[in-house]
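Remarks on the overall topology
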Amino acid sequence: MSGTLTGQSMIDFRKQYFADERDDNLNEIGKPTRRQDITGHVTGRSPFYDDHLFEGLLHMRCARSPHHAARIRRIDTTAAERMPGVVRVLTGKDVPRSRCSTSASTTSRCFRPSACATAASRWPR
Amino acid sequence: MALKPVTFTLNGEAKAAFTEDGQNLLDFLRRGVGDLSPKYGCGQGTCGACTVLLDGEPHLACLVLAETVEGRKVETAAGLGQVRPHALQEAFMERFAAQCGYCTPGMLMSAKALLDRNPRPSREDIIEAIAGNLCRCTGYEPIIAAIQDAAEGRARP
């Protein structure tokens, strides 16, 4: 690895080039090394998506049709709206031109939610 | 929504907080008490990511009613190795027994319950103890090896 264009060894070149990064003297190669995030994992401190809790956080649940290609005549949301903590119930009427969010068409698709409810609690009762 | 006061011990520390009606222990620990180390995986007792110890026994926090921990001892991964790393934590770090790390707190609690009641577990005992904890990064072998290491004192204390 020695003998480069500038006459310095590759290691010296790398040291100079990456001078602002951590000391890389290549002594990790060939040895087992610890992951840098492992301490957080084993102490439960690594933040995952679900760990970012903040004031005003709302949770959303989607209701999907239990039947594929069935005709949606109507969606009755009154019971969902009455549940304590529920902030808003969305159906296809709220997003008339969206094709990828709640279904506004008259034909249900199992993979496409027919209605969504947002609530202050993940488990509204 | 009625609130109910609950006093219990969390990782050796006395705690008092209010639970909502029918709130499960996982939601109570995470939102009510602020201990984020038990993880919400499935919410229906399938994955084991929310495993905590109740008086030393492993329980799925998502299936336990929060008010039932009144006066009991709750242990979570956040309480492991408060002074120096627990043998299990050392072994998990040495053995590369985590990839994404989401199952790790639950795995640690199941493993701790096993080692507390059986300090010399066989490979089969270990597999049985973590049978309720799913790891989707397919890391079971390093996890089993790490628990074996911790039991045999191979991991640095």
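Residues numbered from 1 in each chain as written. Chains lettered and ligands numbered in written order. Predicted model: local features only at pLDDT ≥ 70, side-chain atom pairs only at ≥ 80, totals over all residues. Heavy atoms only, no water.

Here's the deal with the overall build of chain A
For clarity, the cut-off: Think of it this way: any DSSP run of H or I at least four residues long counts as a helix, any run of E at least two long counts as a strand, and we number them from the N terminus. Throughout this description, buried means an accessible area under 20% of the type-specific maximum (1.4 Å probe, protein chains only), exposed means over 50%, and partly exposed covers the range between. In this analysis, two residues are considered to be in contact whenever any of their non-hydrogen atoms come within 4.5 Å of each other. Here the Shrake-Rupley method, with its probe set to 1.4 Å, supplies the accessible areas, and only the displayed protein chains count as covering residues.
Along chain A, the regular secondary structure elements total three helices and three strands. Walking chain A from its N terminus toward its C terminus, one meets helices and strands in the order α-α-β-α-β-β. In chain A, which comprises 125 residues, the proportion classed as buried is 25%. The contacts in chain A between residues at least 6 apart in sequence include a share of 63% that link residues at least 24 apart. On chain A, roughly 9,700 Å² of surface is accessible, and the fraction owed to carbon and sulfur atoms is 55%.

Comments concerning the overall build of chain B
Put simply, the rule reads: Throughout, radius of gyration means the C-alpha value; the globule benchmark is 2.2 Å times the number of residues raised to the power 0.38. Neither His nor the chain ends contribute to the count of charged residues, in which Lys and Arg are positive and Asp and Glu negative. To locate a charge, the coordinates of NZ of Lys, CZ of Arg, CG of Asp or CD of Glu are taken.
Within chain B one finds five helices and five strands. Walking chain B from its N terminus toward its C terminus, one meets helices and strands in the order β-β-α-β-β-β-α-α-α-α. In terms of overall size, chain B behaves like a compact globule, its C-alpha atoms giving a radius of gyration of 15 Å where 157 residues would be expected to give roughly 15 Å. Dimensions along the principal axes, computed over C-alpha positions, put chain B at roughly 50 × 30 × 25 Å. Looking at chain B as a whole, 48% of its 157 residues are labelled buried. Carbon and sulfur atoms make up 51% of the accessible area of chain B, which totals about 7,200 Å². Separation of charge centres in chain B, based on 16 positive and 19 negative side chains, amounts to 4 Å.

Overview of the packing of helix 2 (residues 87-94) of chain B against helix 3 (residues 104-117) of chain B
All names here are of chain B. So the rule is basically this: Working convention: axes come from line fits to C-alpha atoms, limited for helices to the stretch in contact. Angles between N-to-C directions cover 0 to 180 degrees. To sort the angles, those under 35 degrees are grouped as roughly parallel, those over 145 as roughly antiparallel, those from 65 to 115 as roughly perpendicular, and the leftovers as oblique. Helix crossings get a hand from a simple test, with the near helix turned counterclockwise from the far one by less than a right angle marking a left-handed crossing and a clockwise turn marking a right-handed one. Note on residue classes: Ala, Val, Leu, Ile, Met, Phe, Trp, Tyr, Cys and Pro are nonpolar, Asp, Glu, Lys and Arg are charged, and everything else, Gly too, is polar.
Where helix 2 contacts helix 3, the axes come no closer than 10 Å and their chain directions differ by 130°. It follows from the interaxial angle that helix 2 and helix 3 lie oblique. In the crossing of helix 2 with helix 3, the sense of the turn from one axis to the other is right-handed. Side by side, helix 2 and helix 3 meet where Leu88, Gln89 and Phe92 of the first sit next to Thr104, Met107, Leu108, Ala111, Lys112 and Leu115 of the second. Grouping the constituent residues of the contact of helix 2 with helix 3 by class yields six nonpolar, two polar and one charged.

Thoughts on the environment of Gly71(B)
All names here are of chain B. Within the secondary structure layout, glycine 71 lies in the loop between strand 4 (57-60) and strand 5 (73-75). Separated by 62 residues in the primary sequence, glycine 71 and threonine 9 have C-alpha atoms spaced 7.1 Å apart. Look past the residues within four positions of glycine 71 in its chain and what remains in contact with it is Thr7 and Phe8.

Quick word on the nonpolar core
Residues and elements named next belong to chain B. The following threshold applies: To form a nonpolar core, buried Ala, Val, Leu, Ile, Met, Phe, Trp, Tyr and Cys residues must be joined to one another through side-chain atoms within 4.5 Å.
Ranked by internal contacts, the top residues of the largest apolar core, which has 29 residues, are Leu88, Phe92, Met107, Leu115, Ile143 and Ile147. Those residues in contact with isoleucine 147 that sit more than four places away from it in its chain are Leu88, Phe92, Ala111, Leu114, Leu115, Ile126 and Ile130. Counting residues in hydrophobic clusters, the runner-up holds 18 residues, among them Val6, Phe8, Leu25 and Tyr40.

Describing the confidence of the model for chain B
For the record, the criterion: Residue-level confidence of the predictor is summarised by pLDDT, bounded by 0 at the bottom and 100 at the top.
Overall, the predicted model of chain B reaches an average pLDDT of 94, with 97% of residues at or above 70. Overall fold confidence (pTM) sits at 0.75, and the ipTM for the predicted complex is 0.90.

Topic: the packing of helix 2 of chain B against helix 5 (residues 140-151) of chain B
How two helices pack is summed up by the angle between their axes together with the distance between the axes. All names here are of chain B. Running from N to C, helix 2 and helix 5 point in directions that differ by 135°, and their axes come no closer than 8 Å. Considered as vectors, helix 2 and helix 5 are oriented oblique to each other. Note on packing geometry: the crossing formed by helix 2 with helix 5 is right-handed. From helix 2, Ala87, Leu88, Ala91 and Phe92 reach across to helix 5, where they touch Ile143, Ala146, Ile147, Asp149 and Ala150. Here the residues of the contact of helix 2 with helix 5 are counted per class, giving eight nonpolar, no polar and one charged.

Some remarks on the pairing of strand 2 (residues 13-20) of chain B
Residues and elements named next belong to chain B. To keep it simple, the criterion reads: In this description, strands pair whenever DSSP reports at least two bridges between them.
The pairing of strand 1 (residues 3-10) with strand 2 spans eight bridges and is antiparallel. The residue bridging phenylalanine 8 from the neighbouring strand is lysine 15, located in strand 2. The antiparallel hairpin formed by strand 1 and strand 2 contains two residues in its connecting segment, where asparagine 11 sits at a positive phi of about 50°.

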